[in-house]
Amino acid sequence: MSAYPLLITLFSLAAGICTATQWLFFPPVHVLFALIGACLLSIFVRHRFLFSACLSLCFFMAGAAAMEPFLAPCCPEDAIVHSAGRGQLTIEGIIDARPEWRERGGRIFLRPTRVFREHDGQATSGRMLLTVGSGRADLYTGDLVRFVSRINRPRNFGVPGEFDYERYLAFRRVYIMAYVQTADQVILIRRGVAFPLRNYMDRVAADFSDRIGRLVAGNESRVLRALILGKTGLVTGETRELFARTGVSHILCISGFHVGVIALFFFTLMYSVARCFPTLLLCLNPRRLILLLTIPVLLFYLVLSGGAPATVRAVIMICAYIVAVFLQRETDPVHALMLAALLILAVSPPALFDISFQLSFLAIWGILVLTPLLMRPFGKISPGLVHKLLLFLMVSVAATAATIIPATSSFHKPTLTGLAANFLVIPLMGYGAVVLGFASLPCIHLLPGLARELLLGAGFLVHISVQALSRLSAVPLLPVWGDGRFDLVLLVALLASLTFLGKRPRVVCCCFVVAAFVVLRIAPSGAGNGQLRLDFYSVGQGEASLVTFPDGRRMLIDGGGSYREGGFDPGERLLAPAFWRRGISRLDYMVLSHPHPDHLNGLLYLARNFSIGEFWESGIHEGSNEYHSLKRILTEKGVTVRRIDATTGPITIGAVCIEPLSPGKSATVAESREDGNLNETSLVFRVRLGDFSILFTGDIGADTEERLAAETSRLCCTVLKVPHHGSRHSSSEPFLNAVLPECALVGAGYRNRFRLPSSATLERFRRRGVPVYRTDLDGTITVVLAHGGWSVRTFRDNRHFR
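Each value, and the rule that gives it
- Residues numbered from 1 in each chain as written.
- Predicted model: local features only at pLDDT ≥ 70, side-chain atom pairs only at ≥ 80, totals over all residues.
- Heavy atoms only, no water.
- Helix = DSSP H or I, 4+ residues; strand = E, 2+ residues; numbered from the N terminus.
- Buried < 20%, exposed > 50% of the residue type's maximum accessible area, 1.4 Å probe, protein only.
- Contact = heavy atoms within 4.5 Å.
- Lys, Arg positive; Asp, Glu negative; His and termini not counted.
- Charge placed at Lys NZ, Arg CZ, Asp CG, Glu CD.
- Phe/Tyr/Trp six-rings, centres within 6.5 Å; stacked < 30°, edge-to-face > 60°.
- Lys NZ or Arg CZ within 6 Å of the ring centre and 35° of its normal.
- Core = buried A, V, L, I, M, F, W, Y, C linked by side-chain atoms within 4.5 Å.
- Pairing = 2+ DSSP bridges.
- Right-handed = clockwise from strand over helix to strand, strands pointing away.
- Polar contact = N/O pair within 3.5 Å; in protein donor to acceptor, adjacent residues only side chain to side chain.
- Expected span 1.5 Å × (residues − 1).
- Axes fitted to C-alpha atoms, helices over the stretch in contact; angles between N-to-C directions.
- Parallel < 35°, antiparallel > 145°, perpendicular 65-115°, else oblique.
- Left-handed = near helix turned anticlockwise from the far one by under 90°.
- Nonpolar A, V, L, I, M, F, W, Y, C, P; charged D, E, K, R; others polar.

Asker: Explain the overall build of the protein chain to me, please; I cannot follow it from the model alone.
Answerer: Assigned secondary structure in the protein chain consists of 29 helices and 23 strands. Counting only C-alpha atoms and orienting by the principal axes, one finds that the protein chain spans roughly 100 × 65 × 60 Å. Across the 802 residues of the protein chain, 50% fall into the buried class. Across the protein chain, contacts joining residues at least 24 apart in sequence account for 71% of those joining residues at least 6 apart. The protein chain carries 80 positive and 59 negative side-chain charges, and their two centres are separated by 10 Å.

Next comes the structure, spelled out in structure tokens:
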């Protein structure tokens, strides 16, 4: 350990950051100063242990204290955050980061300067995120803009395993959000009122992007602009999915690899030029001089590519390594890696939780530690082409092995093709397209003909890579397992033992880590434990319910979805991570209550990425593209499709009985289709186990409720899934008199534009003394029947009803 003096400080700093983030522990400032004093006094103590302990504790407390401004900020009285929830406001602000434009719309981070309520303008401060629904605008860093919108605090959906968007924005000092439908609603007041250098570089980058778009056509142009200028938002969703599925999505984001390739290219080019002048070689040390000249080139590229956090970290890391080499302190690359990590965390503590930070440092750490171990069996091979190919292969294996856990946890795309894809794509796109594209930038204005040839060559390499990835994407993905946080800890422990421990302790520690990983994989998932469990997920303005039967089989009822084309996909963003967190890779039954987007669209991603046993539906639909896409996926996978209606008899799944109640007989269904109201044709069925039952109602209205109350006596239930998100046209008095629920569940989006659930519906439940649980307020709601009793718990506060 003494050979790595930075290890204690780096580990302690990271531990403090994690502790503060997990438990919101922020030590007082005087405690930190006291520890610094103790550290200085311990220098005079003979034993080094006391100094090491004080130093470790000091960095631990510093890491915890550094997170307080992000997680518990002290907002001044004029902060924009105090204007949240006050209706439509007119806001002026200065864009403080390059706008991120995507296929549809984009995101703009800005610092608000004035907020107008009616005609009164007041100065304000803070930072906010403006989301644009569609279109693009000619806006750059430093521009003063104005828009009209409602502003709200960021809020997670409340689903286990979801991406923590609140924390993600807090780490960027953003505590307020706004939304406009189109880019035209963002009005440019004045160009470049702040950040003049970044404003100029943004316009240069936009000019380069336009010229690349004119010189290179099609999808290759989009990928090139992501590789060279960091404009990943231009890449289509289909292409991003292709790169993710084949394990090479990292190549699309400018990271340490891209910056390193450019640094290597510039150094090699300049050194080759320097060798043409023997006199210069006699007077100067060209290696050290060119290394220093590489730093301003990297800084220029950093600003040109938008200064994204991942690029900033990469430049810091490489500059730290260059300085270490210049000072002749490059004997151990691990030292340089730890120094770069320490500098980055000191400047930006939240970087520890950024996936790009984790992938960059784990990849380099894995290459430094694992590559020599993998090359040992080939030690007798003499240096040459075969040795270089083997070395390149082992470097890819080491980087892939070191990053597979965080990559799987974040992207949920573990694949067997990652090694082959990286072996192909890194030379073609990493060393080929990136170098050619970067070399074309200074030629675009000076030598447009040469720039065109360089870009066409880069585009050709991208085309070959995409074609190869399309073929590799046919290889099935590996299963996704559980929560990756503890797996990440085990991975770091494994790499640390291989790096810092002696031979015997290293073997013992590695065996322990591998055993812990295996135990986690074979641990029971909780399915089939004799309990009936319902998870009513918070998916915004939509519904999705997962029923886990006592024998372990699972039934998904609806998948949520957005009405807006290209909108939020709860299947990919919420449900799939929640299922993978619980170790679920198969859905025995997938049920569609009715084919409206807020119930259907989220099922598409799940149908593609999960094993499906049977698909249940009423068969009544309007023929939407999404419905036909879902049926096509099910047909391709050979899934049995089963039509369910009131004529279907009770269906038993183990000890549980499924009782279909609606839609009615064929004549009633035909009338519903003529009316064009798919809500009234929703599947209605009761799930019953003993005296306990749950009634699923889809989006039926008062007409169907009245018919059901007159036709059947099987409506009585313990838990009611409230019809139509709590609409005032549903949950009528006669229906509730027939159902007599003890508990009600409402699926609705937080502050949705439909204002659901309605106050009238909530009042009807209140008069009956029925507790109502709402996904917009409570997050995911879980109902469990076990040991003869049932209970309800919610994601946000874990409050219990029984």
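So, next bit.
Asker: Would you take a moment to explain the packing of aromatic side chains for this structure?
Answerer: Tallied over the full model, the rule gives 15 aromatic pairs. Each ring, one from Phe579 and one from Phe610, has its centre 5.8 Å from the other, and the planes form 90 degrees; the classification is edge-to-face. One end of the pair, Phe579, is in helix α21 (residues 570–581); the other, Phe610, is in the loop between α23 (602–609) and β13 (611–617), with 31 residues separating them in the sequence. The class for Phe579 is buried, based on a relative accessible area of 0%. A ring pair is formed by Trp580 and Phe610, whose centres lie 5.3 Å apart and whose planes are at 15 degrees; its orientation type is stacked. On the criterion of sequence distance, the pair formed by Trp580 in helix α21 and Phe610 in the loop between α23 and β13 is long-range, its members being 30 residues apart. A relative accessible area of 2% places Phe610 in the buried class. The ring centre of Phe195 lies 4.7 Å from the NZ or CZ of Arg198, which sits over that ring.

Asker: Teacher, can you tell me more about the nonpolar core here?
Answerer: Here is a general trend for soluble globular proteins: nonpolar side chains tend to be buried in one another's company. In terms of nonpolar packing, the biggest core is built from 91 residues, with Leu224 and Leu227 touching the most fellow members. Not counting residues up to four positions away in its chain, the partners in contact with Leu224 are Ile212, Val216, Leu229, Ala433, Leu455, Ala458, Gly459 and Val462. Core analysis: the next-biggest nonpolar cluster, separate from the first, contains 31 residues, Trp616, Phe685, Cys743 and Ile781 among them.

Asker: What am I meant to see in the pairing of strand β14 (residues 640–643) here?
Answerer: When a strand is regular, its side chains alternate between the sheet's two faces. For β13 and β14, the ladder comprises four bridges, and the chain directions are parallel. Paired with Phe615 across the two strands is Val641, which belongs to β14. The β-α-β motif built from β13, the intervening helix α24 (residues 625–636) and the parallel element β14 has right-handed crossover chirality.

Asker: I would appreciate a short explanation of the environment of Leu41 in the present structure.
Answerer: Relative to the assigned elements, Leu41 resides in helix α2 (residues 29–42). When its relative accessible area of 62% is taken as the criterion, Leu41 is described as exposed. The spatial distance from the C-alpha of Leu41 to the C-alpha of Cys54 is 9.7 Å, given a sequence separation of 13 residues.

Asker: I keep staring at the environment of Gln541 and nothing clicks. Help me out?
Answerer: Along the chain, Gln541 turns up in the loop between β9 (532–536) and β10 (545–548). Judged by its relative accessible area of 17%, Gln541 falls in the buried class. Through-space distance from the C-alpha of Gln541 to that of Thr718 is 24 Å; in sequence the pair is 177 residues apart. Discounting residues that sit within four places of it in the chain, Gln541 has contacts with Gly561, Asp598, His725, Ala748, Gly749, Asn752, Phe754 and Leu756. For Gln541, the side chain forms a polar contact with the main-chain nitrogen of Gly749, separated by 2.8 Å. Of note is the side chain of Gln541, whose polar atom sits 3.4 Å from the side chain of Asn752.

Asker: Help me understand the side chain of Ser731, please; the structure alone is not making it clear to me.
Answerer: In this structure, Ser731 sits in the loop between β19 (719–721) and α27 (733–739). Leaving out residues up to four positions away in the same chain, Ser731 has contacts with Glu705, Val722, Pro723, Leu736, Thr761, Arg764 and Phe765.

Asker: Would you mind showing me how to read helix α9 (residues 256–274) here?
Answerer: Each turn of an α-helix holds 3.6 residues, which means side chains three or four residues apart point in the same direction. Here α9 spans 26 Å end to end across 19 residues, near enough to the 27 Å set by a 1.5 Å rise per residue. Of all the residues in α9, the buried ones are Gly256, His258, Val259, Val261, Ile262, Ala263, Phe266, Phe267, Tyr271 and Ala274.

Asker: Mind showing me how you'd approach the packing of α23 against α24 here?
Answerer: A pair of packed helices is characterised by two quantities: the angle between their axes and the separation of those axes. Axis separation between α23 and α24 bottoms out at 10 Å; the angle between their running directions is 15 degrees. Considering the angle they form, α23 stands roughly parallel to α24. The way α23 lies across α24 gives a crossing that is left-handed. Residues Leu603, Leu604, Ala607 and Arg608 of α23 form the contact with α24, whose own contacting residues are Glu626, Ser629, Leu630, Ile633 and Leu634. For the contact of α23 with α24, the residue count by class is six nonpolar, one polar and two charged.

Asker: Explain the environment of Thr232 to me, please; I cannot follow it from the model alone.
Answerer: Secondary-structure assignment places Thr232 in the loop between α7 (218–229) and α8 (237–245). The partly exposed category is assigned to Thr232, whose relative accessible area is 29%. Here Thr232 is in contact with Ala226, Arg240, Leu252 and Cys253, once residues within four sequence places are set aside.

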